[in-house]
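Spelled out from the first residue to the last, the chains are:
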Amino acid sequence: MSDDEPVVSVLGLGAMGTALAEALLATGHRTTVWNRTAEKADPLVARGAARADTAADAIIASRLVVVCLLDYDSVSQVLAPHTDVLAGRTLVNLTNGTPGQARRMAAWAADHGADYLDGGIMAVPPMIATPAAFLLYSGPSGVFEKSRPVLDVFGESVYLGSDPGMAALHDLALLSGMYGTIMGALQAFAMVRSAGVPTTEFAPLLSRWMGSMGGWPAAAAEQIDKGDYRDGVVSNLAMQAAAYPNFRAAAEELGISFELLAPLHSLMRRRVADGHGHEDLTGVIELLKK
Ligand code: FVH
């Protein structure tokens, strides 16, 4: 096996691992695949992938080994029995996890002679290998640059530095933003649905309104980095906190739960009680410090 050969192994053929392997095959990479449930490899083998009977065989087959399993426990279960074949390999772990898990995995890989990049996939499987996909990576820059020609197949590669925990940090932070948005949207849909409004009718208005909020992260980030929530206040916290009980009252009127929105209400009230009503809602972030 020469260093220049575009040879890649993929461990894990769930929805995402399959999409990654398909992208590699579509771009002419010699791809070896392995999955715990072996038959999931069949369609990829039919398209030209080599089947590895064991995870060890897949690791041996390629210098670059992409790991995309359910969670870090499954990564440990798959890799731990094969420490003897890891030396000289580059593990690119795209499994969702925490910064601490990524750092511990990087140290473990180094102990066994393997290079390690941690990654976060900011895409759902159908987006892989389209311009909409971007993937976050962290770990040694030389390892990233060497692996990049292959990694770019999956989507835009965004490198976040040598600390292996950075990709997981940014991944979970971005997903936190996503889940917060989805929570609000679900509440909005529950409200209109309870009044007999088809959610398909309401969705364009919701999309438009969410689009209007597109500038919020940049403006909020300015305040947060300055630690000054009095700057450029347009809609102060006291005003917003006065309106917020209407969401609870409306939920009661409509016969739906308020549990998705309730946590923000209590934080807003605490922040107003602490004397910050004239500031921006952004200041609630100070209450998230532990
Ligand atoms: N799919 C998505 O939308 C998101 C997009 C962003 C990134 N996430 C993360 O990607 C990881 C894999 O997700 P997935 O969508 O491929 O997940 P599944 O389709 O559920 O496949 C899970 C694979 O993991 C294997 N597996 C689970 N436990 C074990 C174990 N103990 N030992 C060996 N393999 C294990 C499973 O094997 P099998 O059930 O087919 O035998 C699948 O290959 C994930 O971290 C997402 O958070 C996806």
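Residues numbered from 1 in each chain as written. Predicted model: local features only at pLDDT ≥ 70, side-chain atom pairs only at ≥ 80, totals over all residues. Heavy atoms only, no water.

(A) Representation of the packing of helix α10 (residues 237-254) against helix α11 (residues 262-273) within the structure. Look at α10 against α11: their axes get within 10 Å of each other, and the N-to-C directions meet at 145°. Like other packed secondary-structure pairs, α10 and α11 cross with a definite hand, here left-handed. In contact with Leu237, Ala238, Gln240, Ala241, Tyr244, Pro245 and Arg248 of α10, α11 contributes Ala262, Leu264, His265, Met268, Arg269, Arg271 and Val272. The class makeup of the residues in the contact of α10 with α11 is nine nonpolar, two polar and three charged. (Axes fitted to C-alpha atoms, helices over the stretch in contact; angles between N-to-C directions. Helix = DSSP H or I, 4+ residues; strand = E, 2+ residues; numbered from the N terminus. Left-handed = near helix turned anticlockwise from the far one by under 90°. Contact = heavy atoms within 4.5 Å. Nonpolar A, V, L, I, M, F, W, Y, C, P; charged D, E, K, R; others polar.)

(B) Highlighting the environment of Asn236. Among the structural elements, Asn236 can be located in the loop between α9 (216-226) and α10. Along the sequence, Asn236 and Glu279 sit 43 residues apart, while their C-alpha atoms lie 5.5 Å from each other. When sequence neighbours within four positions are dropped, the list of residues in contact with Asn236 reads Gly277, His278 and Glu279. One polar contact links the side chain of Asn236 to the main-chain amide nitrogen of Ala238, over a distance of 3.0 Å. There is a polar contact of 2.8 Å between the side chain of Asn236 and the backbone nitrogen of Met239. (Polar contact = N/O pair within 3.5 Å; in protein donor to acceptor, adjacent residues only side chain to side chain.)

(C) Representation of the sheet that holds strand β2 (residues 30-34). Pairing within the open sheet is mixed, and its eight strands lie in the order β3-β2-β1-β4-β5-β6-β7-β8. Each edge of the open sheet carries a strand with a single partner, namely β3 (50-51) and β8 (156-159). Direction of pairing for strand β1 (residues 7-11) relative to β2: parallel, over a ladder of five bridges. Residue pairing for β2: Val8 is matched across the bridge by Thr31. Packing of helix α4 (residues 72-79) onto the sheet brings it into contact with β1, β2, β4 (64-67), β5 (90-93) and β6 (115-122), and relative to β5 it is tilted by some 155°. Against the sheet, helix α5 (residues 99-111) engages β5 and β6, with an angle of about 150° to β6. (Pairing = 2+ DSSP bridges.)

(D) View of the environment of Ala188. With respect to the element layout, Ala188 can be found in helix α7 (residues 166-194). Through-space distance from the C-alpha of Ala188 to that of Phe202 is 9.0 Å; in sequence the pair is 14 residues apart. Apart from residues no more than four positions distant in its own chain, Ala188 is found in contact with Phe202 and Leu206.

(E) Region of interest: the site of the ligand. Near the ligand there are 22 residues, and of these Asn35, Thr37, Lys40, Gln77 and Asn96 occur at the shortest range. Elements with a contribution of two residues or more to the shell around the ligand: α1 (15-26) and α4. Looking at the shell around the ligand residue by residue, the class counts come to eleven nonpolar, nine polar and two charged. (Near = heavy atom within 4 Å.)

(F) A look at the packing of α4 against α5. Contact geometry of α4 with α5 gives a least axis separation of 11 Å together with a crossing angle of 10°. The orientation of α4 relative to α5 falls into the category roughly parallel. In contact with Tyr72, Val75, Ser76 and Leu79 of α4, α5 contributes Gln101, Ala102, Met105 and Trp108. (Parallel < 35°, antiparallel > 145°, perpendicular 65-115°, else oblique.)

(G) Quick look at the nonpolar core. Membership of the largest hydrophobic core comes to 32 residues, with the highest contact counts inside it found for Leu20, Leu94, Ile121 and Phe154. At the level of secondary structure, the elements contributing two or more residues to this core comprise β1, α1, β4, β6, β7 (134-138) and α6 (141-151). Broken down by element, this core gets its largest block of residues, seven residues, from α1. In contact with Phe154, other than residues within four places in its own chain, are Leu20, Ala23, Leu24, Val66, Leu94, Ile128, Ala129, Ala133, Leu135 and Tyr137. Formed by 23 residues, the second largest nonpolar core is a distinct cluster that contains Ala55, Val85, Leu86 and Met105. (Core = buried A, V, L, I, M, F, W, Y, C linked by side-chain atoms within 4.5 Å. Buried < 20%, exposed > 50% of the residue type's maximum accessible area, 1.4 Å probe, protein only.)

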